[in-house]
Amino acid sequence: MMAGPSVGGVPAGPSAGGTARSSTTRRTLLRLLGCLLGATALVLTSSLAVVWGTHRTAETVRTRSLPSVMELAAVRTALVRADTAAITSFQSRQAGLAGPGEEYQNQIAAASQSLAQAAEDIGSGDGTSSRRIQLVEGLLVTYVGLVGQADAHYRKSGPGGLATAYLWYASRLLHSEQGILAQLDSLLAAETDALEARLASGWLSPAATLLWLVPALILLVGTQLFLHRRFRRMVNWGLATSTLLLALLVAGTSFALVSKAQLADAGAELSEVRRLSGEQFRAADREGAMALERLLRDSCVRDDGCDISSDVFRPGLTAGSPMPVADRDVLGRAEEVDEQAGAATSATSWAFVVLLLVSPIALLVWLGLRPRLEEYRYRSR
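Counting restarts for each chain, with residues numbered from 1 along the sequence as it is written. Selection of residues for local features in this predicted model requires a pLDDT of at least 70, selection of side-chain atom pairs for listing and counting requires 80 or more, and totals for whole chains, interfaces and linings are taken over all residues. Side-chain numbers here rest on the full set of heavy atoms in the structure, without hydrogens or water.

Caption draft 1: Focus on the overall build of the protein chain. Where helices and strands are cited, they refer to DSSP runs of H or I of at least four residues and of E of at least two residues respectively, numbered from the N terminus. For the protein chain, the count of helices and strands is 10 helices and two strands. The order of helices and strands in the protein chain, counted from the N terminus, is β-β-α-α-α-α-α-α-α-α-α-α. When burial is assessed residue by residue, the protein chain has 42% of its 381 residues classed as buried. Contact definition: two residues touch when any of their heavy atoms are within 4.5 Å. Relative to all contacts within the protein chain whose residues are 6 or more apart in sequence, the contacts with residues 24 or more apart total 85%. With residues, only the protein chains shown are counted as cover, and all accessible areas are computed by Shrake-Rupley using a 1.4 Å probe. For the protein chain, the accessible area works out to roughly 19,800 Å², and carbon and sulfur atoms hold 59% of it. Relative accessible area decides the class of each residue, using a 1.4 Å probe on protein chains only: under 20% of the type maximum gives buried, over 50% gives exposed, and in between gives partly exposed.

Here it is in structure tokens:
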């Protein structure tokens, strides 16, 4: 067998081992393919992590955090309204016919329902909050029992005496430093802090995806320029389509920003709900405080003096007169909160659709480079 031509006495054909030199172009293409596939995997993985984390955050905020805060605020307002209704009924002597009154019964029922719903929302969350919910439920049973005792003594002995005392005990249980409203305030503060922490979650930032997305785009564009110079081809359709899909992934990842903005809007609406609910609370509480002062004053005059006062747990009336707020205004704002939270969850659902559409990127990269790799399988340059 004749040896191949030589240059300077060194054979240019097969080497001493009988193998041909590997193609530098093929090695370059393989490196580019490995880098592209690795970058694509990182982009898709980080995108999935961001979208999934954002979806879970949005879903938790929509189904647990926002409802629990609104329900707890509703419990506070309903309880102080119930207390005011009961005191007013006794102070106006309507208790002889209707006991604490229909308004009292309605507000206690509303408070119990909202508290049960809040317990369901918080149930699988923080154990401290769950225990505090149980404490409030127990205190509420005691409060209703005290009002019932006041009603029973009123029907038996008339106004004043034990009827007023039990009603005073009930209002004290509601307003004291360790009472029902104080426990609800602590719960509300804890749930609000948890909501703010979730809204500030790192999952709500697409920075992790963008960290890998930019290098992947640079690699794709650079590979196409390399192929254009090396093979004199205008477009590699596989790589061009991959580039378009990565651009589409940018749009998909932006849904995380949309979800974040909508959750922020929901949080702002919730602040307005709490403000309006607070106005309702203060208005009802002021009315109840004034009614209790009149009831105690009348009782002390009737009984030739008494040793109970509301100053122990209600040191003074709220300065000024809170603006009246209609229930429909609060409900309207609450509906907007729910709509914004639902829209935030829907945005992440669209992001999943985009991820599904761009998932063939790796396959398109392989198909784009495969013909060139096959072409240089047996070449030496």
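Caption draft 2: Main features of the packing of aromatic side chains. Stacked, tilted and edge-to-face pairs are distinguished by plane angle, under 30 degrees for stacked and over 60 for edge-to-face with tilted covering the rest, among Phe, Tyr and Trp rings (Trp via its six-membered ring) whose centres lie within 6.5 Å. Applying the stated criterion to the full structure yields three aromatic pairs. Between Trp168 and Tyr169, the ring centres sit 5.3 Å apart and the planes meet at 65 degrees, which makes this aromatic pair edge-to-face. With a relative accessible area of 9%, Trp168 lands in the buried category. Ring-pair connections join several aromatic residues into one group, and the members of that group are Tyr166, Trp168 and Tyr169. For the cation-ring pair, Arg76 lies above Phe281, with the distance from its terminal atom to the ring centre recorded as 4.0 Å. Look at NZ for Lys and CZ for Arg. If either is within 6 Å of the ring centre and within 35 degrees of the ring normal, a charge sits over the ring.

Caption draft 3: Up close: the pattern of salt bridges. A side-chain nitrogen of Lys or Arg and a carboxyl oxygen of Asp or Glu constitute a salt bridge if their distance falls within 4 Å. The final tally for this structure, using the stated rule, is five salt bridges. Note that Arg155 is salt-bridged to Asp151, the shortest N-O span being 3.0 Å. With Arg155 and Asp151 both in helix 4 (residues 127–157) and four residues apart, this pair spans about one turn of that helix. Given the relative accessible area of 48%, Arg155 is considered partly exposed. On the basis of relative accessible area, Asp151 is assigned to the buried category, the value being 15%. Between Glu279 and Arg282 there is a salt bridge, with its nearest N and O atoms 2.9 Å apart. Taken together, the residues Glu279 and Arg282, both in helix 8 (residues 237–302) and three residues apart, mark about one turn of the helix.

Caption draft 4: Structural view of a negative patch on the surface. Residues enter patches when their relative accessible area tops 30% and they take part in no salt bridge; the joining distance is 9 Å for like charges and 5 Å for the nonpolar side chains Val, Leu, Ile, Met, Phe, Trp and Tyr. A residue counts as positive if it is Lys or Arg and as negative if it is Asp or Glu; His and the chain ends are not included. Every charge is mapped onto a representative atom, which is NZ of Lys, CZ of Arg, CG of Asp or CD of Glu. On the surface, Glu335, Glu336, Asp338 and Glu339 cluster together into a negatively charged patch. Locating Asp338 in the fold gives a position in helix 9 (residues 327–358).

Caption draft 5: A look at the packing of helix 4 against helix 5 (residues 161–175). Throughout, an axis means a line fitted to C-alpha atoms (over the contacting stretch in the case of helices), and angles, computed between N-to-C directions, take values from 0 to 180 degrees. Interhelical geometry of helix 4 versus helix 5 gives an angle of 165 degrees and a closest axis separation of 7 Å. Looking at the two axes, helix 4 sits roughly antiparallel to helix 5. Of the two elements, helix 4 crosses helix 5, and the hand of that crossing is left-handed. For the pair helix 4 and helix 5, the contacting residues are Leu139, Thr142, Tyr143, Leu146, Val147, Gln149, Ala150, His153 and Tyr154 in the first and Leu162, Ala163, Tyr166, Leu167, Tyr169, Ala170, Ser171, Leu173 and Leu174 in the second. For this classification, Asp, Glu, Lys and Arg are treated as charged, while Ala, Val, Leu, Ile, Met, Phe, Trp, Tyr, Cys and Pro are nonpolar and the rest, including Gly, are polar. Looking at the contact of helix 4 with helix 5 residue by residue, the classes come out as 14 nonpolar, four polar and no charged. Each angle receives one of four descriptions, namely roughly parallel if under 35 degrees, roughly antiparallel if over 145, roughly perpendicular if within 65 to 115, and oblique otherwise. Here a crossing is taken to be left-handed if its near helix is turned anticlockwise relative to the far helix by less than a right angle, and right-handed if that turn runs clockwise.

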